Amino acid sequence: MTLGPEDRRITRKVDLRLLPILTLLYLLSFLDRSNIGNAKLLTFGRDLGISAPAYNTALAIYFVGYVISEVPSNVGISISHMHLIHHLSPSRLTSVLRLKRFDPQFWLPSLILTWGIVSICQGLVKNQAGLFGIRFLLGATEACLFPGVVYVFSVYYQRRQRSWRVAIFFGGAALAGGFGGIFAYAIGLMNGVGGRKGWQWIFILEGILTVIVSLIAYFLVPTWSHKAKSVRLHKNRVHLLKWLRVDSDAGTNQTFQWSSVGQAFGDHLVWAYPFLFHGFSFVLYSLSLFLPTIIADLGFATWQAQLMTVPPNALASISIRGTVWLSSRWNFRAPFIIVAALVAIIGYIILLTCTTPGLQYFGIHLVTAGVYTGNSLLLSWSSENVSGRTKRAVAVALQITVGGITAIARCLMYRPSLSARLYRKPNLIAIGYLLFAILVTFYLWIMMAWENRKRQMLLAEGTVDCYETEEDKVRLGDRSIHYVYQL
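Here is what the cut-offs are and how they apply
Residues numbered from 1 in each chain as written. Predicted model: local features only at pLDDT ≥ 70, side-chain atom pairs only at ≥ 80, totals over all residues. Heavy atoms only, no water. Axes fitted to C-alpha atoms, helices over the stretch in contact; angles between N-to-C directions. Helix = DSSP H or I, 4+ residues; strand = E, 2+ residues; numbered from the N terminus. Left-handed = near helix turned anticlockwise from the far one by under 90°. Contact = heavy atoms within 4.5 Å. Nonpolar A, V, L, I, M, F, W, Y, C, P; charged D, E, K, R; others polar. Core = buried A, V, L, I, M, F, W, Y, C linked by side-chain atoms within 4.5 Å. Buried < 20%, exposed > 50% of the residue type's maximum accessible area, 1.4 Å probe, protein only. Patch = residues over 30% accessible without salt bridge, like charges linked within 9 Å, V, L, I, M, F, W, Y side chains within 5 Å. Areas by Shrake-Rupley, 256 points an atom, 1.4 Å probe, with all protein chains shown as cover. Salt bridge = Lys/Arg side-chain N within 4 Å of Asp/Glu carboxyl O. Parallel < 35°, antiparallel > 145°, perpendicular 65-115°, else oblique. Phe/Tyr/Trp six-rings, centres within 6.5 Å; stacked < 30°, edge-to-face > 60°. Lys NZ or Arg CZ within 6 Å of the ring centre and 35° of its normal.

Examining the packing of helix H7 (residues 145–154) against helix H18 (residues 389–413)
Contact geometry for H7 and H18: axes closest at 9 Å, N-to-C directions at 145°. Every pair of crossing elements has a handedness; the one defined by H7 and H18 is right-handed. Judged by residue contacts, Phe 146, Pro 147, Val 150, Tyr 151 and Ser 154 of H7 engage Arg 389, Arg 392, Ala 393, Val 396, Ala 397 and Ile 400 from H18. Partitioning the contact of H7 with H18 into residue classes produces 8 nonpolar, 1 polar and 2 charged.

Below you can see the structure in the form of structure tokens.
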């Protein structure tokens, strides 16, 4: 289906309204969660009296808060969205005002402001207990951003358009890894300024940056597509909603139903997406938190290790954009996810088998590019293939939640007792997780292709009642006989 001139014009307007600010917010999110890895290379652990195992525990506690907050937040946003659509009459104004606090235009910047303040507090902690508490709060406040934004994308873009936008958004994580190394090196030079250590300034200054951006975000983050107030989107709202109805439920009115939650938890495909992310997230969070340490263990000085995190993350950012562009052009996801996992596995093999630092560093580049690219594809796949707003909100949040549980295990696995030979055992386990992710990708690919063929045959044979009204299609979602899964 080709976009007309008017469709392309509106898409550009939506892109300009959504992508720059939301990508910046995710960049800051990843920066604030992973800068502890940069701080570790300074005097962070010694100054707080934190042992190496306690450091791993602090990393894991972040994901405990992250997991606990994930699904309730996204379902809450979904409920508020559908109630806002349903309660548009003047007589329901009070109900709308009560639900307004869940509007992404207010909800997302408020979350960012909160975690920015929490991030600043990381630079003010005095002991291990304080660090544990702050890391839990940071995880709880950051948890809602990614699934919330993916859900917002799902009500602004057609299905086939989402992967490219989610990829650009997720590319903020790779950029955060690159900027994090540069910032950490520069801010670390402030050691002693104001009587504070360099690692304290990393948390404080990057947290202040987040707070400043959050205040600006109140004026830039968009509201729901059906009630867009900005000049750019409001004038085109009718055409936008009509256009969204062509291949998705984004432009339709739906009310929250608990049965949709049950459908999400009872759908084997919905569960496959979290397990796919389960395989990739083990490596993703290992890289974001331990990459500076791994590079330093290659024999490089602390300041060199900080700066040497930039090239792998820059390559990952380029790989994301190029691969997702090809994936969108050829209209396939599964083959590219599998290739990305294989590239990361090859990188791990080079890292584990070679003894030359240069080759090992090259292996790190392959791992980083493969893992970030695979994640950028799989994280949009569920939002493309799960129809029904509540069901999709649960699916996206469930995907991130299961990935967070994996991250807890990963934080505890990359411990000092297993650090020999560049964390050989944890890295071998990472290869196993990537192989598992490949198997899950094949499962999704095969099952959805089989379902597509079955529906096509039924439609061609006419052996079942194939007529469905628009209301039927909205109600059935991805269970509709006319629904085609994106492979």
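Description of the nonpolar core
Judged by nonpolar contacts, the single largest core of 135 residues is most densely connected at Phe 44, Phe 146 and Tyr 372. Element by element, the count of residues in this core is highest for helix H13 (residues 268–296), at 18 residues. With residues up to four places along the chain from it excluded, the contact list for Phe 146 reads Tyr 26, Tyr 66, Val 166, Phe 169, Phe 170, Leu 379 and Ile 400. Membership of the second largest hydrophobic core comes to 5 residues, among which are Ala 184, Ile 187, Ile 202 and Ile 204.

Some words on the environment of Met 308
Of note, Met 308 is situated in helix H14 (residues 302–308). Owing to a relative accessible area of 16%, Met 308 belongs among the buried residues under this scheme. For Met 308, the residues in contact, after removing those within four places along its chain, are Ile 295, Phe 300 and Tyr 361.

A look at a nonpolar patch on the surface
Together, Leu 205, Ile 208, Ile 212, Ile 216, Phe 219 and Leu 220 make up an exposed nonpolar region whose accessible area comes to about 550 Å². Along the chain, Leu 205 turns up in helix H9 (residues 198–217).

Quick word on the packing of helix H17 (residues 357–385) against H18
The relative placement of two packed helices comes down to the angle between their axes together with the axis-to-axis distance. Direction vectors running N to C along H17 and H18 enclose 155°, while the axes themselves pass 9 Å from each other. Taken as axis vectors, H17 and H18 run roughly antiparallel relative to one another. Relative to H18, H17 is oriented so that their crossing is right-handed. Here Leu 378, Leu 379, Ser 382 and Ser 383 of H17 lie close against H18, whose contacting residues are Arg 392, Val 396, Gln 399 and Ile 400. Of the residues contributing to the contact of H17 with H18, the split by class is 4 nonpolar, 3 polar and 1 charged.

Looking at the packing of aromatic side chains
Enumeration according to the criterion identifies 20 aromatic pairs in this entry. Seen in terms of ring centroids, Tyr 62 and Phe 63 are 4.8 Å apart; in terms of plane orientation they differ by 85°. Their pairing is edge-to-face. Neither Tyr 62 nor Phe 63 differs from the other in exposure class; each is buried. Ring plane angle 5° and centroid distance 4.5 Å describe the contact between Phe 282 and Tyr 433, whose orientation is recorded as stacked. In this pair, Phe 282 sits in helix H13 while Tyr 433 sits in helix H19 (residues 420–461), placing the two residues 151 residues apart along the sequence. Of the two residues examined, Phe 282 and Tyr 433, each falls in the buried class. Among the aromatic residues, ring-to-ring pairing joins Tyr 26, Phe 30, Phe 153, Tyr 157, Phe 169, Phe 170 and Tyr 372 into one connected group. The residue whose ring lies beneath Lys 40 is Tyr 55, and the NZ or CZ to ring-centre distance is 5.4 Å.

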